[in-house]
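# Observations on the three-dimensional arrangement
Listed below are the residues making up each chain.
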Amino acid sequence: MTEAVHELDVRRMLCPMPVIKTQNKVRTLATGDCLRVVCTDPGALSDIPAWCRINGHQVLETGEAGNEVFVVLRVGEDNGALF
Amino acid sequence: MMSSVTESTQPIKRRAIALVSGGLDSMLAVKVMQEQGIEVEGVNFFTGFCVEGHTHAIRKKDKDKEKRNNALWVAEQLGIKMHIIDISEEYKDVVLNPRHGYGANLNPCLDCKIFMVNQATLMINKARELAGDRGFDFIVTGEVIGQRPKSQRKATMPIISAESGADERLLRPLCAKNLPATLPEREGWVDRESLHDFSGRSRKPQMALAKKFGLDDFAQPAGGCCFLTDESYSNKLADLWKARNERRYELDDIMLLKVGRHIRPQPHLKLIISREEGENRFLEGYRYQFTSITTVSCPGPLALVDGNFQNDEEMQQAAAIVARYSKGRSSDEVTLEVRSPDGVARQVTVEPFHPDAVPLAWNVG
C-alpha cells in the first residue's frame, strides 16, 4: 500500500471532471507530493494515468473497491500551474 | 564584440496553444505545427455538453468498450501537454444568448468557437505578460473552411479572429493558404507555403494527410462532439426551458438530459426513467434531489420525478407509467415505492399503463 499524503474525492463525477479536478489539485502541490484520487467513473482508471503520462507525473498505484476506483500518483517536476 | 552574434541569432523557439477536441482535424493541425518546429501545448474545454465519455461511463452496455478521453489520447500520440479546462459555468451565456444564433438545433457553434478562442487568447495574453519562457506566441485550431455549415465558413473565419480578440495570432494550419497571412506567417515563425488549403466538407484531404503522418487511429464522431448538435437532446433542453418558464440550466440538468427515457405526462411533471442497469446506478445518485419511483412487486427501472405532484392522481399516473416499463408490465397490478428526497416513502399499487396508452406526445426528445 502506497502512502498518500493528499486525498481528492471526485466520486459521482463523470469524465472529464475527475481529470480536471486532479489537474487542478496537482497544480497546488509540490514535486514529489503524493495524491490519492477516489472516483466512481471507471473511465478515470484510463484517463488519469493517461493525463499523468502526458504531464510527467508518476502513477504509483491503481485499484478498484466495490463501485469505486482509485489512482495514487506522485507529482512530477512540473506541477502544470500555467502561470 | 562579435563573439555573441552566434548566440543572439539562435532562433527563438516559438510556442503555440492548440484547441484540441480529440478529433482528427485538430490533431492534424498540431502535427503540421510540430513539423515546422513549433512547440505546442493543447487546451480542451469542458462545456457540460460534451458527448465524450459520459454515455460510456453511464451505460452498462458500453462498459466493455475501450474507454478513453480522446483529447488526452491525442495529446499522448502527439507528445504534447494538455490543459483541460472546466468552462461549464461561463458557457451558459453562450448557450442561452448566442449573438450569432443557433445552427440546426440548439448548437451555438459560431459563438462557441469565438468563446473558446477567446479563452485561449486570454491564456496566451496572460502567459506573454507574465511568463517569459512559458509564454505562448499564437493559437492554433483545426478549422477548415466549409467544413461546418454554421461556424466553419469563409465568412466566419475573420469573425472568429476578430471577436475572440485573437486577431492575427489565430492560425488555422489546415486552411491557412485560403486566408490572409497571419502574424506567425508574416513573421516567419511558420512557413506559409508548407501550410494547407483544405476547404469544403470532404474528408479526403484530412485522410491523406493523416496517412502521410502515419496516423491510422483517430476519433471520428458522426455528429461532432457536442450534444447540442443532436436534435433529440436539443428538444429535451427546449422542453426543460418551456416547463420552467425560463431559459436557464444547472450542470445536473444537462447531465440528466443525457440519461434515460424522458416522459412528460403533465406540463409541470417529467419522469426520467432508466433504460438499463448503468443508468439506474447513475440516477440513484440523484434520489436525494428528486422524488423517485421504484418497483417493489417486480424488477423494474428507477425513475426520477422532475416537478411536484399536485395530487394523488398525478402520483398514481406517474407510477403506472413507470410500471409500464417494469417486468410486471403485463400484470394486472404492480406495487411501487414513491420516495421523496428526504427519504419519506409510500407504496402505491397501480395497473400498469398499456404501451399504447402512453401518448407519443408525452415522449420528450
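Right, let's walk through the structure included here. Just so you know, these numbers come straight off a predicted model, no measurement behind them.

What follows is about the packing of helix α2 (residues 44–55) of chain A against helix α4 (residues 70–78) of chain B. As a packed pair, α2 of chain A and α4 of chain B sit with axes 9 Å apart at the nearest point and diverge in direction by 30°. Here α2 of chain A is positioned roughly parallel relative to α4 of chain B, judged by the angle of their axes. Of the two possible hands of crossing, α2 of chain A and α4 of chain B adopt the one that is left-handed. Across the interface between the two elements, Asp 47, Ala 50, Trp 51, Arg 53 and Ile 54 of chain A from α2 of chain A touch Leu 72, Trp 73, Ala 75 and Glu 76 of chain B from α4 of chain B. Classifying every residue of the contact of α2 of chain A with α4 of chain B by side-chain character gives six nonpolar, no polar and three charged.

So, on to the sheet that holds strand β4 (residues 68–74) of chain A. All names here are of chain A. An order of β1-β2-β4-β3 is seen for the four strands of this open sheet, with the pairing classed as mixed. What marks the edges here is a single partner per strand, and that holds for β1 (6–10) and β3 (58–65). The sheet shows a mean angle of 15° between the axes of neighbouring strands, direction not considered. When β3 meets β4, the two strands line up antiparallel, connected through seven bridges. Across the sheet, residue Val 59 finds its bridge partner in β4, namely Leu 73. Helix α1 (residues 17–26) contacts β1 and β2 (34–39) of the sheet and is inclined by roughly 155° relative to β1.

The next thing to look at is the nonpolar core. Residues and elements named next belong to chain B. Ala 16, Val 30, Ile 139, Val 140 and Val 322 are the most contacted members of the largest nonpolar core, which has 114 residues in total. With nine residues, the single largest contributor to this core is helix α6 (residues 109–130). Shared between two domains, this core takes at least three residues from each, and those domains are domain 1 (2–227) and domain 2 (259–362). The contact partners of Ala 16, leaving out residues within four places of it in the chain, are Met 33, Ile 38, Val 40, Phe 136, Asp 137, Phe 138, Ile 139 and Val 140.

Thresholds applied
- Residues numbered from 1 in each chain as written.
- Chains lettered and ligands numbered in written order.
- Predicted model: local features only at pLDDT ≥ 70, side-chain atom pairs only at ≥ 80, totals over all residues.
- Axes fitted to C-alpha atoms, helices over the stretch in contact; angles between N-to-C directions.
- Helix = DSSP H or I, 4+ residues; strand = E, 2+ residues; numbered from the N terminus.
- Parallel < 35°, antiparallel > 145°, perpendicular 65-115°, else oblique.
- Left-handed = near helix turned anticlockwise from the far one by under 90°.
- Contact = placed C-beta atoms within 7 Å.
- Nonpolar A, V, L, I, M, F, W, Y, C, P; charged D, E, K, R; others polar.
- Pairing = 2+ DSSP bridges.
- Core = buried A, V, L, I, M, F, W, Y, C linked by C-beta atoms within 7 Å.
- Buried ≥ 20, exposed ≤ 12 C-beta atoms within 10 Å, placed from the backbone.
- Domains from an automatic or database assignment.

Such coordinate-based values are descriptive only and should not be taken to indicate function.
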